[in-house]
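What follows is each chain in one-letter form.
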Amino acid sequence: MTDRGPMDRLLANPSVGRLWDQDIVKVLAVFGAIYLGYVVIGMASGLTVQGIFATLVQLTLLIAIYAMLSLSLNLHWGYTGLFNIGIVGFMAVGAYTMLLVSKPAASVSQAALVGGFGLPFIVGAIAGTVAAALLGLVVALPALRLKADYLAITTIAMAEIIRFTFLSASFQEFQLFGRTVGTGGGRGLLVNFEDPITRYILDTEWFASVAESVSAAMGIEGTIQPALETLVISVVLLGVVAGFYWVFSRTGSSPFGRVLKAIREDETVARALGKNTDLFKIKSFMLGCGLMGLAGVFYAVFFLGSVNPTAFMPRFTFYIWIALIIGGAGSNTGSVLGAALFVGVLFQGPLYLKNAIASVTEITDAPDTIAGGVAALGQLDLAPLFAYTLDNISNFRIIALGLVLVWLMKRRQDGLLGHRKEHAASIPFDRRSGDAEEGTDR
Amino acid sequence: MGISDTATSGWDLVRSRPGTFVVVLLFLALGLDLLGTLLTGEMAVADLGSLLWTGLMQGLIIGLAGIGLSMTYSILNFANFAHGDYITAGAFTGWSVTYLIAGFGAADAADLLLLGAGGSVFGAGLDIGITTTPLAILGGLVVAGLATIAIAMGVDRSVFKTMREAGGISLLIASVGVAFALRYIIVFIYTPSNRGTTAANLVPQFDVWVIDGMVQINAHDLTILVASVALMLGVHVLLQRTKLGKAMRAMADNENLALITGIPTERIIQWTWIIGGGLTGVAGYLTVLWRGTITFRLGWFLLLLIFAAVILGGIGSIYGAILGGVLIGLTISVSQVWIPTDFARAAAFGIMILILLLRPQGIFAGRETA
C-alpha cells in the first residue's frame, strides 16, 4: 500500500497488526462496525430498540445467505478462475428441487395448489444440492473448454433458460408418480411446510417462554418473538456459513485446491505437469454449483417464504459478484467480509438511512418526477431534488452499486483481501523470519 | 472448407464432428416437419409468412444493435455488458425528442421530455406515428444516435480508456457496473413505469396476399426495414471504401502491430464507438417505434439475444452480426411453430450455446470487421 493513512499506521503497530492478521478478528471487526453503524444511526433517529434489533437480525440473515453464495463463487472464480455468471440458475434449481421433494401433497380442498412429495426438509435440501451440482455437470462438461467470456455468456444464458422454464405455463402443474407437482409458473410456490428449525426450536413451549421473559425483562411492549425467531435462524445460517468456510478452506489448502489455483494461474502449465485439468475444473464447478443450490434452498425457506421466478433475476448474480470483488477474489475471509459490506452498507444501508432520515426530519413533499427537483435547482433550492432522491433511494443505490463496481475494477481489483500471497508449498517458507521477530518481541 | 471438400467428406464430417452432424440432421428434420405441416394445410403459408416477417423485423433490430457489439468485442477484446443499456439510453433520449417535437406547445416541455413520467402525457394522445408525425420520428431517430454516441464515448473515456491494458474479464466486470449505473440513471430520470409511445390506430396497415391468406404489414415495419437496411449499407460502404475499415481489421487482428504500422489506434477506437454507438442508439429507438411501448429493461432483454446473434455470426464480422441477428430473430418467431411462446427466447439462447460448443468462431469465422 502506498498511502499511509491512520489505518495503516495503526496496523503498522506490531501488536495491532498481529491481531488484525487473525481472520476471525477481521470478520468480527467488520460485522461489529456495520452493527455499530446501524445502532448509532437508529438511536440518533429515534428508532425503537425493538426496531433496530429486528433490522439487525434480518440483516444478518441476508448477509449469511450472501456469504454462502460469495464463498461458493470464490471457489469458481477465486480458486479455479471459472467465470460463472449463472449463479441464480443454480440457486433456482436448488430451491425448486427442494420444494418438489419437501412440499406436502396437494390437498383436495385447494384444487389449484401444487404439491410435492412431502419428504423431510433435510432430504429436500440434499436433493436440491445434488440437482444443482448435476446441472453444474451438464453445463461444465461441454462449456469448460470455452474461453472465460464464452463460459460467462453460456452460464448466464443457461440461468435465463432455467428462469423461463420455471416461469412457463407448460410446467406449471403436471403429474409425477401419481402426485400433482409443478413449478407454479409465474405465481410460484409457497413454502408450506415446517422446516426443522421451526419445528424443533421456534414452535416449542420453552422458546415461547424465553421470548416472553426477554420481552418482560427489557420492558418491551408487545412481543419480540418474531425478531428472536429470525435471530435463531440467522445464527443457524451463520453456522452454515462457517461450514461452507471450513469446506472451502480445506479444499483450497488441499492438493486438490493447489491444482485449482495452478489452473487459475496458467492452465497450460497445470496440464504440462500431468494434471487432467478438465476433471479438476468439473469437480470444482460441481462442488460450487451444488453449494449455490443449497444456498438457494436456504434463501427460499428462510428469507423468501415463497418462491417465484422473479426472485432469480440475473442482477442477483451480479450482486454476488460485487460482494466477492469487494472482499477480494481468492480469499474465503474476503468473501464473507464482502458479503457483509455489500449487504450491510451498499444494499440495505441506503434504505435504512432513508428510513432514519424520514423519521427525523419532515421531508417536504417529494416531487413526482425529477423535473420538479431540477426546476427548484434553478432557484438554488436543493431540497426537492434531495427529497426526490430519497423517495427513489432503492433505484439510486443501484447506480451507486454500479459505480462502486467500476471503481473497484479500475483502482482495486484485489478488493479487501484478494492481494494476499498464497504459499504454493504446504509449508510456508517465510516462517523462520517471522518466528525470529516474534522472539525479539517477547 | 471449400465446396468440393464438403461434397466429398460427408462421412469424414460424421466421424470427426458428430455434434455438428446431429445438429444438421435435427434442423433438416425440423425443416421437413415444417414443410409437412404446410403441405397438409395444418398451418397456413400466410401464418408462416407472418412469423417470418415478425422475425425479420426483430432480427434487423438485433442485427443493427449487434454491429456495435461485434466491433467493440473484436477491437477492444471484451464482451460489453453495458451495450444493452446503450440501447435503452438511445431509446429514451430519442423518444424524449420525439415527444417534444410531436407535442410542442400542447403540453409542458418537462413532461414531454420525461416521456410523461407520472402519467401526465401519453404517446397515443400526441398522435405519434411515422405518417402523422414524420418530423418528430426523424428528429428522434437522429438524436437517439447522437446521444448514444456521446454516452458511449463518455463511458469509454471515463471507464474503459484507463483499462486498455487490463484483461477482457476485468473490462467485462467493469461494463456490468456501467450497465447498472446507466440503467438506473435512466430509471431515476424517467421513473420505472412502462408506457405506450405510439398511436397504434393511426399507423397505416397493408394486407399482403400470400398464397392462402393475408400477412399484415404496417408503416412502422417498413420504416424499420428502410432505416436499418440503409444504415447497414452505409456501414458497409464506410468500412469497404475508406481506410477506416482496413485500420479496424488490422487492430482487431493485432493491436500492437497496428500501432507500429502507424495506425492511430486511439482514434480508431473512437470511431468504433461512434459507429457502434450510433447504430445501437438507432436500434433502440426503432425497437420502441416497432413495439409501441418503452421500458427501462428493453436493452437488457435484448442484450443476450444480441450476444447470441454476434456469436452466431462470428465476433468481429459486421455481416455476421447482421446475418446472426436475422437468424436469431427468425428463431424466436418461427420456433413458436413447435414450442410454446414462453420458450422463444430460450430457443435463441439454445442456438447460441450450440454454436459456442460446435463452432465457437461463428458462421463468418470472426475477426473480419467488414
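Here, every reference points to the structure presented above.
The following refers to the structure shown. (Residues numbered from 1 in each chain as written. Chains lettered and ligands numbered in written order. Predicted model: local features only at pLDDT ≥ 70, side-chain atom pairs only at ≥ 80, totals over all residues. Heavy atoms only, no water.)

## Structural notes on the overall build of chain A
Thinking step 1. From N to C terminus, chain A includes 20 helices and four strands.
Thinking step 2. Burial statistics for chain A: of 442 residues in total, 49% are counted as buried.
Thinking step 3. Here the analysis covers contacts within chain A between residues at least 6 apart in sequence; of these, 73% occur between residues at least 24 apart.
Thinking step 4. As presented, chain A carries roughly 20,800 Å² of accessible surface, and 63% of it is formed by carbon and sulfur atoms. (Helix = DSSP H or I, 4+ residues; strand = E, 2+ residues; numbered from the N terminus. Buried < 20%, exposed > 50% of the residue type's maximum accessible area, 1.4 Å probe, protein only. Contact = heavy atoms within 4.5 Å. Areas by Shrake-Rupley, 256 points an atom, 1.4 Å probe, with all protein chains shown as cover.)

## A closer look at unusual backbone geometry
The general pattern is negative phi for most residues beyond glycine and trans for most peptide bonds.
Residues and elements named next belong to chain B.
Thinking step 1. One non-glycine residue, Asn 77, lies in positive phi territory at about 60°.
Thinking step 2. Positive phi is not limited to glycine here, since Thr 191 has a value of about 65°.
Thinking step 3. Here Thr 191 shows up in the loop between α8 (168-190) and β1 (195-196).

## Remarks on a nonpolar patch on the surface
Residues and elements named next belong to chain B.
Thinking step 1. A contiguous nonpolar surface patch, about 510 Å² in accessible area, is contributed by Ile 101, Leu 135, Leu 138, Val 142 and Leu 146.
Thinking step 2. Per-element accounting of the nonpolar patch gives the leading share, four residues, to helix α7 (residues 134-160).
Thinking step 3. One can find Leu 146 in helix α7. (Patch = residues over 30% accessible without salt bridge, like charges linked within 9 Å, V, L, I, M, F, W, Y side chains within 5 Å. Salt bridge = Lys/Arg side-chain N within 4 Å of Asp/Glu carboxyl O.)

## Side note on the nonpolar core
Thinking step 1. Membership of the largest hydrophobic core comes to 239 residues, with the highest contact counts inside it found for A:Tyr66, A:Leu237, A:Phe312, A:Phe342, B:Phe81, B:Trp95 and B:Phe307.
Thinking step 2. With 18 residues, helix α4 (residues 49-79) of chain A is the largest single contributor of residues to this core.
Thinking step 3. If near-sequence neighbours (up to four positions away) are discounted, B:Phe81 is found in contact with A:Ile85, A:Ile153, A:Ile156, A:Phe318, B:Leu172, B:Ser175, B:Val176, B:Ala179, B:Trp300, B:Leu303 and B:Phe307. (Core = buried A, V, L, I, M, F, W, Y, C linked by side-chain atoms within 4.5 Å.)

## Points about helix α19 (residues 393-411) of chain A
Thinking step 1. With 19 residues, α19(A) should cover 27 Å at 1.5 Å per step; its first-to-last C-alpha distance of 26 Å lies within 8% of that length.
Thinking step 2. All of the buried residues in α19(A) are A:Ile393, A:Asn395, A:Arg397, A:Ile398, A:Ile399, A:Leu401, A:Gly402, A:Leu405, A:Val406, A:Leu408 and A:Met409.
Thinking step 3. Buried residues in α19(A) make contact with α14 (314-327), α15 (332-347), α16 (349-360) and α18 (383-391) of chain A together with α7 and α8 of chain B. (Expected span 1.5 Å × (residues − 1).)

## Some words on the interface of chain A and chain B
Thinking step 1. Contact residues are listed per partner, giving 47 residues for chain A and 44 residues for chain B.
Thinking step 2. Linking chain A with chain B are one salt bridge, by the criterion used here.
Thinking step 3. With its nearest N and O atoms 3.9 Å apart, the salt bridge here joins A:Glu160 to B:Arg345.
Thinking step 4. At the boundary of chain A and chain B, one finds eight residue pairs in polar contact (both at pLDDT 80 or more).
Thinking step 5. Of all the secondary structure elements, the ones that give two or more residues to the side of chain A that touches chain B are α6 (121-143), α7 (148-167), α14, α17 (370-377), α18 and α19 of chain A. (Polar contact = N/O pair within 3.5 Å; in protein donor to acceptor, adjacent residues only side chain to side chain.)

## Focus: the pairing of strand β2 (residues 205-210) of chain B
Walk down a regular strand and you will see the side chains alternate between the two sheet faces.
All names here are of chain B.
Thinking step 1. Sheet topology places β2 next to strand β3 (residues 213-218); six bridges connect them, and they run antiparallel. Bridge pairing links Trp 209 to Met 214 in β3.
Thinking step 2. Remark: two residues form the turn of the hairpin made by β2 and β3, two consecutive strands paired antiparallel; Ile 211 in that turn has positive phi of roughly 50°. (Pairing = 2+ DSSP bridges.)

## Quick look at the environment of B:Leu231
Residue and element names in this part refer to chain B.
Thinking step 1. Here Leu 231 shows up in helix α9 (residues 219-241).
Thinking step 2. C-alpha of Leu 231 to C-alpha of Arg 157: the two residues are 74 residues apart in sequence and 26 Å apart in space.
Thinking step 3. If we skip the residues at most four places from it in the chain, Leu 231 touches Leu 64, Leu 279 and Val 282.

## Topic: the pattern of salt bridges
Thinking step 1. Under the criterion given, the structure shown has eight salt bridges over all chains.
Thinking step 2. Here A:Glu267 makes a salt bridge to A:Arg271, at a shortest N to O gap of 3.2 Å. Taken as a pair, A:Glu267 and A:Arg271 lie in helix α12 (residues 267-272) at a separation of four residues, close to a single helical turn.
Thinking step 3. The exposure class assigned to A:Glu267 is partly exposed, which follows from its relative accessible area of 22%.
Thinking step 4. With its nearest N and O atoms 2.9 Å apart, the salt bridge here joins B:Arg183 to B:Asp85. Placement of the pair is B:Arg183 in helix α8 and B:Asp85 in helix α5 (residues 83-102), with a sequence separation of 98 residues.
Thinking step 5. For B:Arg183, a relative accessible area of 7% corresponds to the buried category.
Thinking step 6. What you see here is one network of salt bridges that share partners, running through A:Glu160, A:Arg163 and B:Arg345.

## Points about the packing of α5(B) against helix α13 (residues 298-313) of chain B
Residue and element names in this part refer to chain B.
Thinking step 1. Packing of α5 against α13 brings their axes to within 7 Å, and their N-to-C directions diverge by 135°. In terms of their interaxial angle, α5 and α13 are classed as oblique. Our pair here, α5 against α13, has a crossing hand that is right-handed. Of α13, the residues touching α5 (which contributes His 83, Gly 84, Ile 87, Thr 88 and Ala 91) are Leu 298, Gly 299, Trp 300, Leu 302, Leu 303 and Ile 306.
Thinking step 2. Residues of the contact of α5 with α13, tallied by class, amount to seven nonpolar, four polar and no charged. (Axes fitted to C-alpha atoms, helices over the stretch in contact; angles between N-to-C directions. Parallel < 35°, antiparallel > 145°, perpendicular 65-115°, else oblique. Left-handed = near helix turned anticlockwise from the far one by under 90°. Nonpolar A, V, L, I, M, F, W, Y, C, P; charged D, E, K, R; others polar.)

## Re the packing of α4(A) against helix α11 (residues 255-265) of chain A
Residues and elements named next belong to chain A.
Thinking step 1. Here α4 crosses α11 at 55°, and the two axes come no closer than 8 Å. As judged from the angle between their axes, α4 and α11 are oblique. Contact with α4, carried on its side by Leu 75, Trp 77, Gly 78 and Tyr 79, involves Leu 260, Lys 261 and Arg 264 of α11 and no other residues of that element.
Thinking step 2. When its residues are assigned to classes, the contact of α4 with α11 shows four nonpolar, one polar and two charged.

## A look at the packing of aromatic side chains
Thinking step 1. Tallying each qualifying case throughout the model produces 36 aromatic pairs over all chains.
Thinking step 2. Between B:Phe81 and B:Phe307, the aromatic rings sit 5.1 Å apart at their centres with planes inclined by 40°, giving tilted as the arrangement. Taken together, the positions of B:Phe81 in the loop between α4 (45-76) and α5 and B:Phe307 in helix α13 put the pair 226 residues apart, joining distant regions of the chain. The pair formed by B:Phe81 and B:Phe307 is uniform in burial state, with each residue classed as buried.
Thinking step 3. Its end group placed over the ring of A:Tyr79, A:Lys261 keeps NZ or CZ at 5.1 Å from the ring centre.
Thinking step 4. Above the plane of the ring of A:Phe347 lies A:Arg397, whose end atom (NZ or CZ) is 4.3 Å from the centre. (Phe/Tyr/Trp six-rings, centres within 6.5 Å; stacked < 30°, edge-to-face > 60°. Lys NZ or Arg CZ within 6 Å of the ring centre and 35° of its normal.)

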